Amino acid sequence: AQKVTQAQTEISVVEKEDVTLDCVYETRDTTYYLFWYKQPPSGELVFLIRRNSFDEQNEISGRYSWNFQKSTSSFNFTITASQVVDSAVYFCALVRSGTYKYIFGTGTRLKVLA
Amino acid sequence: DAGVIQSPRHEVTEMGQEVTLRCKPISGHDYLFWYRQTMMRGLELLIYFNNNVPIDDSGMPEDRFSAKMPNASFSTLKIQPSEPRDSAVYFCASSSMGGRNGYTFGSGTRLTVV
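As a starting point, this report considers the structure included with it. This structure is a prediction, so every number in the text was calculated from the model and none was measured.

**Overview of the overall build of chain B**
Link 1 in the chain: Assigned secondary structure in chain B consists of zero helices and 11 strands.
Link 2 in the chain: Helices (α) and strands (β) of chain B occur, in sequence order from the N terminus, as β-β-β-β-β-β-β-β-β-β-β.
Link 3 in the chain: For 114 residues, the compact-globule formula gives about 13 Å, and the C-alpha radius of gyration of chain B, at 13 Å, lands near that figure.
Link 4 in the chain: If you line up chain B on its principal axes, its C-alpha atoms span 40 × 25 × 25 Å.
Link 5 in the chain: Burial statistics for chain B: of 114 residues in total, 50% are counted as buried.
Link 6 in the chain: Counting contacts in chain B only where the partners sit at least 6 residues apart, residues at least 24 apart contribute 54% of the total.
Link 7 in the chain: When the accessible surface of chain B is totalled, it reaches about 5600 Å², and 49% of it is carbon and sulfur.
Link 8 in the chain: Positive and negative side-chain charges in chain B, numbering 11 and 12 respectively, have mean positions lying 4 Å apart.

Okay, here's the thing in structure tokens:
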């Protein structure tokens with residue numbers, strides 16, 4: 001079975017704090033893709049990153065970084081020096097190779113307080 | 001590019017009425033997806049198209065739901081008759097490469113059935 005778990009329902013931090021959003025996935029496939037999306041208060045979902053299962057390199061993009069560890073089936077997302085504009089719901093998703101169906105986690109609501 | 005365009009942004013209708021949601025994908029994207037988001041069920045894939053052809057409609061909840069893609073630049077999701085439990089945000093997304101490089105989502109249509 002395919003599953004994505006985001007155990008943190010809601011996180012609140014004060015501006016400039018670092019915050020890590022957890023994502024744990026389950027799949028028996030060897031080839032798959034992992035994603036993170038951001039859903040700000042305006043409602044649209046914004047693509048942040050894609051990782052395929054053969055690429056375990058961590059990635060950094062500005063204040064955002066992602067840590068992919070196949071050994072623990074995790075794909076965690078860290079925001080460094082958080083800002084109020086980072087306040088949103090963040091979704092982790094899994095796609096099996098050969099299909100186009102995203103399996104979304106339930107999302108983590110991040111509140112960054114000024 | 002204007003992105004994925006959905007209309008209307010908000011729709012309030014009475015139970016039993018027909019509702020039509022509209023989507024214009026990004027030009028050149030050959031995949032189009034319809035998702036539904038609710039608090040209870042999260043993000044669910046309803047149906048997706050490849051080159052205007054429906055590929056997988058297994059997520060369509062029941063026969064009251066239908067979707068069409070008459071050409072590469074337009075798709076509709078119709079609910080008839082609508083019921084209060086259909087109240088949700090409906091997202092359209094498009095992509096190339098089947099979504100493995102990420103989807104581009106529209107802003108969504110918030111449907112309320114009273």
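What follows picks up the thread again.
**Topic: the nonpolar core**
A general feature of soluble globular proteins is that nonpolar side chains tend to end up buried together.
Link 1 in the chain: Counting 23 residues, the largest nonpolar core has Trp36, Phe77, Tyr90 and Leu110 of chain A as its most contacted members.
Link 2 in the chain: Listing elements by their share of this core, those giving two or more residues are strand E2 (10-14), strand E3 (19-21), strand E5 (32-39), strand E8 (64-69), strand E9 (74-79), strand E10 (88-96) and strand E12 (108-113) of chain A.
Link 3 in the chain: With four residues, E10 of chain A is the largest single contributor of residues to this core.
Link 4 in the chain: With sequence-adjacent residues up to four places away left out, Leu110 of chain A is seen in contact with Ile11, Val13, Val19, Ile79, Asp86, Ser87, Ala88 and Tyr90 of chain A.
Link 5 in the chain: Counting residues in each nonpolar core, the second largest holds 22 residues, with Val89 and Phe91 of chain A together with Leu43 and Val89 of chain B among its members.

**A look at unusual backbone geometry**
A negative phi angle characterises most non-glycine residues, just as the trans form characterises most peptide bonds.
Link 1 in the chain: Omega for the peptide link from Ser7 of chain B to Pro8 of chain B comes to -10 degrees, which places this bond in the cis form.
Link 2 in the chain: Within the element layout of this structure, Pro8 of chain B appears in the loop between strand E1 (5-7) and strand E2 (10-13).
Link 3 in the chain: Here Gln80 of chain B and Pro81 of chain B are connected by a cis peptide whose omega angle stands at -5 degrees.
Link 4 in the chain: Summarising the element assignment, Pro81 of chain B is placed in the loop between strand E8 (74-79) and strand E9 (88-95).
Link 5 in the chain: The phi dihedral of Ser73 of chain A falls on the positive side, at around 50 degrees, and the residue is not glycine.
Link 6 in the chain: Note that Ser73 of chain A resides in the loop between E8 and E9.

**Quick word on the state of the cysteines**
Link 1 in the chain: Per the stated rule, a full pass over the model turns up two disulfides over all chains.
Link 2 in the chain: The residue that forms a disulfide with Cys23 of chain A is Cys92 of chain A, at a sulfur-sulfur distance of 1.9 Å. Across the S-S bond of Cys23 of chain A and Cys92 of chain A the torsion is about -65 degrees, and the bridge reads as left-handed. Taken together, the positions of Cys23 of chain A in the loop between E3 and strand E4 (24-26) and Cys92 of chain A in strand E10 put the pair 69 residues apart, joining distant regions of the chain.
Link 3 in the chain: Each sulfur of the disulfide joining Cys23 of chain B and Cys92 of chain B lies 1.9 Å from the other. Every disulfide takes its handedness from the sign of the S-S torsion; for Cys23 of chain B and Cys92 of chain B that torsion is -65 degrees, giving left-handed. Highlighted residues: Cys23 of chain B in strand E3 (residues 19-24) and Cys92 of chain B in strand E9, separated in sequence by 69 residues. By the burial criterion, Cys23 of chain B is buried, and Cys92 of chain B matches it.

**Here we look at the interface of chain A and chain B**
Link 1 in the chain: Across the contact, 17 residues belong to chain A and 21 residues belong to chain B.
Link 2 in the chain: On the chain A side of the contact with chain B, Leu45, Tyr100 and Lys101 of chain A bury the most area, a combined 40% of that side's loss.
Link 3 in the chain: Inspection of the region where chain A meets chain B yields one salt bridge.
Link 4 in the chain: When the shortest N-O distance is used, the salt bridge between Asp56 of chain B and Lys101 of chain A registers 2.9 Å.
Link 5 in the chain: Across the side of chain A that touches chain B, the residue classes tally to nine nonpolar, five polar and three charged.

So, how was this worked out
Residues numbered from 1 in each chain as written. Chains lettered and ligands numbered in written order. Predicted model: local features only at pLDDT ≥ 70, side-chain atom pairs only at ≥ 80, totals over all residues. Heavy atoms only, no water. Helix = DSSP H or I, 4+ residues; strand = E, 2+ residues; numbered from the N terminus. Rg over C-alpha atoms; globule rule 2.2 N^0.38 Å. Buried < 20%, exposed > 50% of the residue type's maximum accessible area, 1.4 Å probe, protein only. Contact = heavy atoms within 4.5 Å. Areas by Shrake-Rupley, 256 points an atom, 1.4 Å probe, with all protein chains shown as cover. Lys, Arg positive; Asp, Glu negative; His and termini not counted. Charge placed at Lys NZ, Arg CZ, Asp CG, Glu CD. Core = buried A, V, L, I, M, F, W, Y, C linked by side-chain atoms within 4.5 Å. Disulfide = S-S within 2.5 Å. Buried area = accessible area lost by both parts, 1.4 Å probe. Salt bridge = Lys/Arg side-chain N within 4 Å of Asp/Glu carboxyl O. Nonpolar A, V, L, I, M, F, W, Y, C, P; charged D, E, K, R; others polar.

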